[in-house]
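Overview (structure and organization)
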Amino acid sequence: MRRVQWVEAVGFVVSVLVVLAYLVGRRSADEQKRRFVSQSSQSHGFNAQALVRFTFLINTDIASMTLFSFFKNDIIRRYGTGTVVMDKVSEASFRHEKVAGNLKALLNPSLPCIAGLRWERLVELVEDRANWSAPSCRLFVVGDEFCAEDAEKVAEWATFWQFPSSSRLRNPAFRKIDNLPLTVRFDIWEAFQEFRGGSREAAENFLPTPSSKRSLLFNAIFTVEMSGSRQECVEVLNGLNSSLLSQTSSFVHISNAWAKEDRLDSPGFVNAANYTNILHNSVFTLSPVGHHPECFRMYEAMDAGSIPIIALDETYQKKDCKDGLYPMIQEGAPFPFLRTWDELPSFLEKWVKARPSEIDELQKRITDWYEKYMRARTLEFDTRLIAEFGSLENTGSHH
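Conventions we followed
- Residues numbered from 1 in each chain as written.
- Predicted model: local features only at pLDDT ≥ 70, side-chain atom pairs only at ≥ 80, totals over all residues.
- Heavy atoms only, no water.
- Helix = DSSP H or I, 4+ residues; strand = E, 2+ residues; numbered from the N terminus.
- Buried < 20%, exposed > 50% of the residue type's maximum accessible area, 1.4 Å probe, protein only.
- Contact = heavy atoms within 4.5 Å.
- Phe/Tyr/Trp six-rings, centres within 6.5 Å; stacked < 30°, edge-to-face > 60°.
- Lys NZ or Arg CZ within 6 Å of the ring centre and 35° of its normal.
- Core = buried A, V, L, I, M, F, W, Y, C linked by side-chain atoms within 4.5 Å.
- pLDDT = per-residue confidence, 0-100.
- Pairing = 2+ DSSP bridges.
- Axes fitted to C-alpha atoms, helices over the stretch in contact; angles between N-to-C directions.
- Parallel < 35°, antiparallel > 145°, perpendicular 65-115°, else oblique.
- Left-handed = near helix turned anticlockwise from the far one by under 90°.
- Nonpolar A, V, L, I, M, F, W, Y, C, P; charged D, E, K, R; others polar.

The next point concerns the overall build of the chain. The helix and strand tally for the chain stands at 18 helices and 11 strands. A burial count over the chain gives 51% of its 399 residues as buried. Within the chain, counting contacts between residues at least 6 apart in sequence, those at least 24 apart form 74% of the total.

Time to look at the packing of aromatic side chains. Scanning the model with the defined rule gives 20 aromatic pairs in all. Ring geometry for Phe54 versus Phe71: centroids 6.2 Å apart, planes at 80°, classification edge-to-face. A residue pair is termed long-range when its members are at least 10 positions apart, and Phe54 in strand S1 (residues 52-59) and Phe71 in helix H2 (residues 69-72) qualify at 17 residues. Ring pairs connect the aromatic residues Phe54, Phe56, Phe68, Phe70, Phe71, Phe140, Phe160 and Phe381, which therefore count as one cluster. The ring of Phe186 has Lys72 lying over it, and the distance from NZ or CZ to the ring centre is 4.1 Å.

Moving on: the nonpolar core. Phe71, Phe284 and Phe381 are the most contacted members of the largest nonpolar core, which has 79 residues in total. In terms of residue count, helix H18 (residues 356-389) provides more of this core than any other element does, 11 residues in total. Apart from the residues within four sequence positions on either side, Phe284 is in contact with Leu217, Phe218, Asn219, Ser306, Ile307, Ile309, Pro336, Phe347, Leu348, Trp351, Ile359 and Leu362. In terms of nonpolar packing, the next biggest core, distinct from the first, is built from 10 residues, Trp119, Ala148, Val154 and Ala155 among them.

What follows covers the confidence of the model for the chain. Per-residue pLDDT for the chain has a mean of 78; in total, 72% of the residues score no lower than 70. Counting contacts from residues 1-7, a segment whose pLDDT is below 50, to residues more than four positions away or on other chains yields zero contacts. Here residues 393-399 scores under 50 on pLDDT; set against residues more than four positions off or in separate chains, the count is 15 contacts.

With five of its six residues buried, strand S3 (residues 113-118) lies for the most part within the structure. With six bridges joining them, S3 and strand S4 (residues 137-142) adopt parallel strand pairing. Residue pairing in the sheet places Leu117 in a bridge with Val141 of S4.

Moving on: unusual backbone geometry. We note that Phe163 has phi near 60°; this positive angle belongs to a residue other than glycine. Relative to the assigned elements, Phe163 resides in the loop between strand S5 (158-161) and helix H7 (166-169). We classify Phe163 as buried; its relative accessible area is 4%. Positive phi values are uncommon outside glycine, yet Thr183 reaches one of about 70°. Taking the relative accessible area as the measure of exposure, Thr183 reaches 0% and is therefore buried.

This part is about the packing of helix H9 (residues 186-195) against helix H13 (residues 272-280). Running from N to C, H9 and H13 cross one another at 65°; their axes reach a closest spacing of 9 Å. As far as their axial angle goes, H13 and H9 are roughly perpendicular. For the crossing formed where H9 meets H13, the hand is right-handed. Seen from H9, the contacting residues are Ile188, Ala191, Phe192 and Phe195; seen from H13, they are Ala272, Tyr275, Thr276, Asn277, Leu279 and His280. Partitioning the contact of H9 with H13 into residue classes produces seven nonpolar, three polar and no charged.

In structure tokens form, the structure reads like this:
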């Protein structure tokens, strides 16, 4: 009994320390934001209260709107400096015969614009640039998860891109382009907000349950068709030691094929509410490589306080988008990286035997790093927009 009381006391102290560390980290992030605003006002001639406001123009010909989640789920306001504000979201078809007319009708020449297009659409329009380009508009290229060679034809036009790779980091055409993270899918972020209390403020101030208090050791929710790595992960899951499984609880839902609707409430998929609940109650989230190593699941797990497990296996090494997690690794991502999925059983056994404080410390390293990483990427975005649009005479930024 005395040992149980001691363990509970240690758990309580660890929880208090996690809360205090979170509050200190938030205060530090706010101070970083204030410093940047001050520096921007000096280097770009802005008043500290000035804003660069822009319109985000979505190509409705794109089947998956989740590719635009960076703009649709409030990332800029949540992690940004406050010097950049998305004024509105407009939608238009960018089919070849409609491009020029739609841009002229939707773009306010006095308001900066970011247009989101799939790289294939840009390749089709490569000979018709004069018809649709606008001096106050910048391109955000999406959907290039295979790092296609043809996509390089439009690299010189782009300001923002998705899906990095080490080869492109060495390519001069891509060095001027800022990579934007996938982030949490916007429809999942809506489910997160509901789970965390229903309001934006409640969602942003939410403290994730410590790993030591979570009911599921891990979850595995993915489609197996996308890569050999996922098939290998499933084989390892099927062979997990029964004694390990008897000590813990987990949630495994493997689908054979991806839903074209790209929504978790598609038939045969876990719906958004259940998916949200599972992530917030899982210590670990298995994240095998798909078409590209970077995936929404990683961000959704971290946002929910679940620790993503990633295998830098043969599939990862041989992908066209080789070293797709290079930016994260360079910035010290503290993920559990396995060499192959064969290492998963021993990894899980290790953490089943670990002290509660150890697993909570790993969780804290992940959530702290995630907050820092998202603020850094959004800081780069804000800085780039100030550099791109700050010199325009009528940006809508002076009030």
